[in-house]
Amino acid sequence: MIGLIAYGAKRTTVAVFALLVHVFLWVPVTLVGRFLFTTSRYVTGTRLLTQESIVQMSPTSPNSKYSGDPTGQVVLIGGGFTGLAAAYVLTRQGVQVTLLERDDHLGGLAGSFEVNGERLEKFYHHWFTNDEHVMQLVKELHAEDCILYRPTRTGMYYANNFFKLSSPLDVLRFTPLNWIDRLRLGLLVLRARRVKDWQQLEARTAEEWLLELCGREVYRVVWEPLLRGKFGPFASDISAVWFWNKVKLRGGSRSKDGGEVLAYYKGGFAALAERITEAITSMGGQIQTGTAAAALVVDEGRVTGVQTGSGIIRADAVIATPALPLIADLVEPHATGDYTRSLRQIDYLANVCLVLELDRSLSSTYWLNVNDPDFPFVGVIEHTNFEPSTTYGGRHIVYLSKYLPDTADLYQMSSPEALAFSIPHLQRMFPDFRPEWILAHHFWRAQYSQPIVVRHYSDRIPSQETPIDGFYIATMAQIYPEDRGTNYAIRQGKAIGNLVAAKLSQAKQLARSF
Ligand SMILES: Cc1cc2nc3c(=O)[nH]c(=O)nc-3n(C[C@H](O)[C@H](O)[C@H](O)COP(=O)(O)OP(=O)(O)OC[C@H]3O[C@@H](n4cnc5c(N)ncnc54)[C@H](O)[C@@H]3O)c2cc1C
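Residues numbered from 1 in each chain as written. Predicted model: local features only at pLDDT ≥ 70, side-chain atom pairs only at ≥ 80, totals over all residues. Heavy atoms only, no water.

Attention now moves to the sheet that holds strand β19 (residues 438-451). In spatial order, the strands read β8-β7-β16-β17-β18-β15-β19; together these seven strands make up an open sheet with mixed pairing. The open sheet has two free edges, formed respectively by β8 (161-164) and β19, since each of these has just one partner strand. Direction aside, the axes of adjacent strands within the sheet are offset by 20° on average. One ladder, built from four bridges, connects strand β7 (residues 154-158) with strand β16 (residues 367-370); its direction is parallel. Paired with Met156 across the two strands is Asn369, which belongs to β16. (Pairing = 2+ DSSP bridges. Helix = DSSP H or I, 4+ residues; strand = E, 2+ residues; numbered from the N terminus. Axes fitted to C-alpha atoms, helices over the stretch in contact; angles between N-to-C directions.)

Structure representation (structure tokens):
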């Protein structure tokens with residue numbers, strides 16, 4: 001068949017071929033489309049995140065206050081989705097919770113700002129329709145009617161051209177690759193799926209594995225620019241497991257007719273954070289924004305509280321959810337050098353998003369992967385091709401996203417500098433674009449945006465229990481083999497919350513038995 005295609009088969013043969021490859025070409029389409037941010041349904045068997053079943057939650061309504069004795073006092077550090085989900089399950093089980101967030105609003109990396117009175121994520125965010133942990137939480141909060149499902153379009157910018165990549169036939173029309181390589185792109189998935197056990201890939205890099213599976217040309221045109229765009233200087237070190245996870249799980253986020261569908265929350269991710277917050281506070285939990293955990297209070301190897309700018313908050317247990325290097329700073333005075341070093345051994349990349357409010361649309365694509373190394377951003381995401389511009393008073397929202405080390409020039413730029421730097425590149429990509437279209441711009445930076453998943457990553461992941469009694473960590477660097485995402489933040493937050501509730505309950509029973 002490869003030969004027939006390569007040497008010019010008749011149209012009917014091509015049509016049959018198209019039908020056959022249709023089946024498996026969905027996968028590379030999805031993969032290419034979702035490279036910047038991907039999630040999956042796979043439930044890991046690693047040492048983390050398997051505790052969800054430890055404690056059955058007692059109240060059925062999110063707002064039903066636990067009526068028994070308080071089981072203990074827990075301080076949560078960080079008000080992103082991991083911290084919020086943990087606080088939610090703990091309060092439901094009668095634990096007194098104080099959540100500390102150093103920023104003045106909740107949501108962490110999924111936090112928001114306002115455009116025309118409507119909240120919008122600083123960094124583009126959406127869900128896949130199979131992000132089951134988000135959907136389950138939304139259901140528990142009786143907020144299913146707030147989930148909005150939207151069809152989206154994906155494309156790629158390569159060699160000064162735009163390629164639509166929303167369907168398998170678009171892949172067949174992807175002229176930067178010859179027919180054989182287009183087929184190899186599809187076959188990559190079938191070959192990768194033969195790998196049943198991700199652990200056998202732990203010693204390999206994604207680059208090595210992809211070169212073997214689909215050859216140099218497919219790698220050069222499709223995967224290498226995406227890996228470089230996403231992981232910058234770490235691109236060649238990224239584990240094959242990270243990539244395999246994307247292949248294995250493919251995005252199942254499609255409608256019945258095969259079109260891609262993504263999900264959003266009415267009012268943005270901030271509105272969901274708010275809904276969780278209401279559930280927590282209505283059950284007696286406390287949330288303090290603008291309050292950083294400055295230090296841990298540790299007595300004879302056991303955490304007894306958290307120091308903030310306005311005093312010490314007593315705790316029977318503390319759960320920390322910020323990035324590992326920030327947690328390392330907190331534990332440093334109380335743990336061995338080896339332990340704090342182990343927390344620092346996972347590298348992270350930062351991310352910048354330049355958000356443009358435009359008076360008109362740039363294109364009809366929601367998600368544009370940039371496979372052009374001369375363009376300084378890896379993705380152009382036109383959010384209002386997902387959530388309509390009417391939500392933002394008719395303004396069209398475009399994110400220019402780049403993952404980079406926090407030492408990079410772009411990361412260090414001021415907001416006007418970042419805009420001035422970006423405009424000529426945008427004009428090169430969209431020759432009609434005029435700076436006058438820009439009504440407002442915002443430049444957001446996050447230092448710890450993406451943990452770097454290298455070979456043998458499982459050996460690097462710290463356990464959620466730590467050498468300090470009562471002190472636990474639950475961060476996006478521990479989600480492996482999946483990648484970060486609010487879906488997994490919620491899964492992980494619930495799991496750690498349940499684990500800590502169970503430990504406190506056991507301790508209480510033990511104390512009573514004396
Ligand atoms: C560019 C980008 C795009 C993304 N797109 C998507 C997407 O489309 N869909 C999706 O589901 N996910 C997406 N994600 C991933 C998602 O945002 C994260 O996985 C998730 O928000 C992580 O939540 P978290 O609570 O684990 O961590 P974080 O959100 O990092 O929360 C940690 C919190 O701890 C706080 N903190 C730190 N130090 C202290 C201290 N000393 N005291 C008190 N508080 C402290 C921080 O301010 C922060 O709020 C994206 C991420 C990025 C960077």
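Averaged over all residues, the pLDDT of the protein equals 86, while 84% of them reach at least 70. A low-confidence stretch, residues 36-60 (pLDDT under 50), is modelled with 91 contacts involving residues beyond four sequence positions or located in other chains. (pLDDT = per-residue confidence, 0-100. Contact = heavy atoms within 4.5 Å.)

Attention shifts here to the environment of Tyr157. Here Tyr157 lies in strand β7. In this structure Tyr157 comes out as buried when scored by relative accessible area, which is 1%. Between the C-alpha atom of Tyr157 and that of Val378, which follows or precedes it by 221 residues, the distance is 9.8 Å. Once residues lying within four places of it in the same chain are set aside, the contact partners of Tyr157 are Phe162, Leu368, Asn369, Val370, Asn371, Asp372, Arg428 and Met429. Of the polar contacts made by the side chain of Tyr157, one reaches the side chain of Asn160; its length is 3.4 Å. (Buried < 20%, exposed > 50% of the residue type's maximum accessible area, 1.4 Å probe, protein only. Polar contact = N/O pair within 3.5 Å; in protein donor to acceptor, adjacent residues only side chain to side chain.)

The topology assignment puts Asp103 in the loop between β2 (96-101) and β3 (112-115). Judged by relative accessible area, Asp103 falls into the partly exposed class, the value being 33%. Each C-alpha atom, one on Asp103 and one on Ala292, is 7.8 Å from the other, the two residues being 189 residues apart in sequence. Asp103 has contacts with Thr289 and Gly290, leaving out every residue within four places of it along the chain.

Spatially, five strands are ordered β10-β2-β1-β14-β20 in an open sheet, and the strand pairing comes out parallel. In this open sheet, the two strands that pair with only one neighbour each are β10 (286-289) and β20 (471-473). Sheet twist, expressed as the average angle between the axes of neighbouring strands with direction ignored, equals 15°.

Another point: helix α13 (residues 415-429). Over its 15 residues, α13 extends 21 Å from the first C-alpha to the last, a length consistent with the 21 Å expected when each residue adds 1.5 Å. Residue Ile423 marks the point of greatest curvature in α13, where the axis turns by about 30°; the proline Pro424 follows within four residues. Buried within α13 we find Ala418, Leu419, Ser422, Ile423, His425, Leu426 and Met429. (Expected span 1.5 Å × (residues − 1). Bend = angle between axes of the 7 residues up to and from the residue.)

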